[in-house]
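# Coordinate inspection notes
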Amino acid sequence: MSTSRWLCSRHMGGCGTVWNTFWTGGVCPGCAYRWEITICLSCKQFALHKDWYHWPESESRGSERTRETEQPSSG
């Protein structure tokens with residue numbers, strides 16, 4: 001079994017499908033069970049599946065700019 005594959009564990013009510021959980025957002029392609037918790041295959045620590053994703057901040061929130069206004073010149 002490849003190191004980047006998870007098992008929809010039969011002893012936990014799963015179907016036995018082996019797949020990459022991050023390709024499907026934690027949903028088993030064999031039985032459509034949504035795994036809420038995912039284990040790191042390297043360190044064996046568990047975490048909520050949604051916590052594994054890190055999205056970049058949107059440009060509109062992350063880089064708000066103040067707008068300078070032109071002032072009439074005197075003279």
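Residues numbered from 1 in each chain as written. Predicted model: local features only at pLDDT ≥ 70, side-chain atom pairs only at ≥ 80, totals over all residues. Heavy atoms only, no water.

## Quick look at the confidence of the model for the protein
Per-residue confidence for the protein averages 75 on the pLDDT scale, and 72% of its residues sit at or above 70. Between the elements of the protein, mean pLDDT differs from a low of 47, seen in helix 1 (residues 59-62), to a high of 92, seen in strand 2 (residues 18-19). (pLDDT = per-residue confidence, 0-100. Helix = DSSP H or I, 4+ residues; strand = E, 2+ residues; numbered from the N terminus.)

## Regarding the pattern of salt bridges
For the structure on display, the rule yields one salt bridge. Lys50 is paired through a salt bridge with Asp51; the nearest N and O atoms lie 3.5 Å apart. Assessed through its relative accessible area of 62%, Lys50 is described here as exposed. Judged by its relative accessible area of 41%, Asp51 is partly exposed. (Salt bridge = Lys/Arg side-chain N within 4 Å of Asp/Glu carboxyl O. Buried < 20%, exposed > 50% of the residue type's maximum accessible area, 1.4 Å probe, protein only.)

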